[in-house]
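Okay, here's what each chain looks like letter by letter:
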Amino acid sequence: MASNRRQLKAELLNEQKQEIREAFTMFDMNNDGFLDYHEFKVALRALGFDMTKKEVLEIINKYDVEDKKLISYNDFYDYVATKIIERDPLDEIKRAFSLFDDDGTGTISLKNLKRVAKELGESLTDDELRAMIDEFDLDEDGEINEAEFINICMEN
């Protein structure tokens, strides 16, 4: 298991490692170094993994050698890191698009972009935001659709 953990750590970006640590810490409500069923389910959801009760219980049972119905940080890390590595990049891009498209129009408008910039603490003018849209708006409709967003994210 230790060599597997080293391999997982090598494949993850530092940002992803930090995200896993923060999710565990945030939802370990009693700071005991373990997550119970509810804490684990919410931590998974926060990381973008919406799972059924049955799936969550199966994961806990797989790692729970002491029959405490808890999952440790190391086991949480191993499970989540594997799930992150297995993610389909296109699915992740589509999920990110939906976070921008909070009004469900199928496009990212100036209003959507302004909201995200504000949430991120960025103070950009409407002209700067419009320039960002114009740069990637291939069909010139004044908004970014999902295909254009995918194109932006897939560029190297």
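As the structure is a computational prediction, the values presented were derived from the model and not from experiment. Sequence order as written defines residue numbering, which begins from 1 separately in each chain. Per-residue local features of the predicted model are confined to residues with pLDDT of at least 70, and side-chain atom pairs are confined, for both listing and counting, to 80 or more; whole-chain, interface and lining totals are unaffected and use all residues. Only hydrogens and water are set aside when side-chain values are computed; all heavy atoms of the structure are taken into account.

### Some remarks on the overall build of the chain
Thought 1: Secondary structure elements follow DSSP: runs of H or I no shorter than four residues count as helices, runs of E no shorter than two count as strands, and numbering proceeds from the N terminus. Helices and strands together make up the secondary structure of the chain, namely nine helices and four strands.
Thought 2: Along the chain, helices and strands appear, N-terminal first, in the series α-α-β-α-α-β-α-α-β-α-α-β-α.
Thought 3: Based on C-alpha atoms, the radius of gyration is set beside the globule rule, defined as 2.2 Å times the residue count to the power 0.38. Taken over the C-alpha trace, the chain has a radius of gyration of 19 Å; the compact-globule value for 156 residues is 15 Å, which it surpasses by more than 25%.
Thought 4: On the principal axes, the C-alpha backbone points of the chain span a range of 60 × 30 × 30 Å.
Thought 5: Summarising the internal contacts of the chain: among those between residues at least 6 apart in sequence, 51% fall at separations of at least 24.
Thought 6: Of the roughly 10,000 Å² that the chain leaves accessible, carbon and sulfur atoms contribute 51%. Contact criterion: two residues are considered in contact whenever any of their non-hydrogen atoms come within 4.5 Å of each other. A 1.4 Å probe and the Shrake-Rupley method give the accessible areas. Residues count as covered only by the protein chains that appear here.

### Some remarks on the nonpolar core
Thought 1: Of all hydrophobic cores here, the largest spans 24 residues; its most connected members are Ile-20, Leu-35, Phe-40, Leu-44, Phe-76, Tyr-79 and Val-80.
Thought 2: Elements with a contribution of two residues or more to this core: α2 (14–27), α3 (37–46), α4 (53–63) and α5 (73–86).
Thought 3: Among the elements that take part in this core, α5 stands out by supplying seven residues, more than any other.
Thought 4: In this view, Leu-44 contacts Phe-49, Met-51, Val-56, Tyr-79 and Val-80; residues no more than four positions away in its chain are not counted.
Thought 5: Ile-108, Leu-113, Ile-133 and Phe-149 belong to the second largest nonpolar core, which has eleven residues in total. Only buried residues count toward a nonpolar core. Its members are Ala, Val, Leu, Ile, Met, Phe, Trp, Tyr and Cys residues joined through side-chain atoms within 4.5 Å. Burial classification: accessible surface area is computed with a 1.4 Å probe over protein chains only, and a residue below 20% of its type maximum counts as buried, one above 50% as exposed, and the rest as partly exposed.

### Details of the UniProt feature "domain: EF-hand" (unreviewed entry) in the chain
Thought 1: UniProt positions are given in the numbering used here, feature names are shortened, and annotations may be inferred rather than shown by experiment. The UniProt record annotates "domain: EF-hand" (unreviewed entry) at residues 15–50, 88–123 and 124–156.
Thought 2: Strand forms 6% of residues 15–50 and helix 64%; the C-alpha atoms that close the span are 21 Å apart.
Thought 3: Here residues 88–123 is 61% helix and 6% strand, with 32 Å between the C-alpha atoms at its ends.

### Let's talk about the packing of α3 against α5
Thought 1: Put simply, α3 and α5 touch, their axes get as near as 12 Å, and they point 35 degrees apart. In the packing of α3 onto α5, the handedness of the crossing is right-handed. Across from Phe-40, Ala-43 and Leu-44 in α3, the residues of α5 making contact are Phe-76, Tyr-79 and Val-80.
Thought 2: Gly is placed with the polar residues, together with every amino acid not listed as nonpolar (Ala, Val, Leu, Ile, Met, Phe, Trp, Tyr, Cys and Pro) or charged (Asp, Glu, Lys and Arg). A per-class count over the contact of α3 with α5 returns six nonpolar, no polar and no charged. Lines are fitted to the C-alpha atoms to define the axes, a helix being fitted only along its stretch in contact, and any angle between axes, read from their N-to-C directions, falls within 0 to 180 degrees. Two helices cross in a left-handed way if the nearer one is turned anticlockwise from the farther one by less than a right angle. They cross in a right-handed way if the turn is clockwise.

### Topic: the pattern of salt bridges
Thought 1: In what follows, salt bridge is the name for a side-chain nitrogen of Lys or Arg lying within 4 Å of a carboxyl oxygen of Asp or Glu. The tally for this structure, following the rule as stated, stands at nine salt bridges.
Thought 2: Across the pair Arg-95 and Glu-92 runs a salt bridge, and its minimum N-O distance is 3.3 Å. Taken together, the residues span about one helical turn, with Arg-95 and Glu-92 both in helix α6 (residues 89–100) at a distance of three residues.
Thought 3: For Arg-95, a relative accessible area of 34% corresponds to the partly exposed category.
Thought 4: A relative accessible area of 24% means that Glu-92 is categorised as partly exposed.
Thought 5: Note that Glu-119 is salt-bridged to Arg-115, the shortest N-O span being 3.0 Å. Here Arg-115 and Glu-119 lie together in helix α7 (residues 110–119), a separation of four residues that amounts to about one turn.
Thought 6: Note on Glu-119: relative accessible area 58%, which makes it exposed.
Thought 7: You can call Arg-115 partly exposed: its relative accessible area is 22%.
Thought 8: Here the salt bridges share partners, and the residues they tie into one network are Arg-87, Glu-92 and Arg-95.

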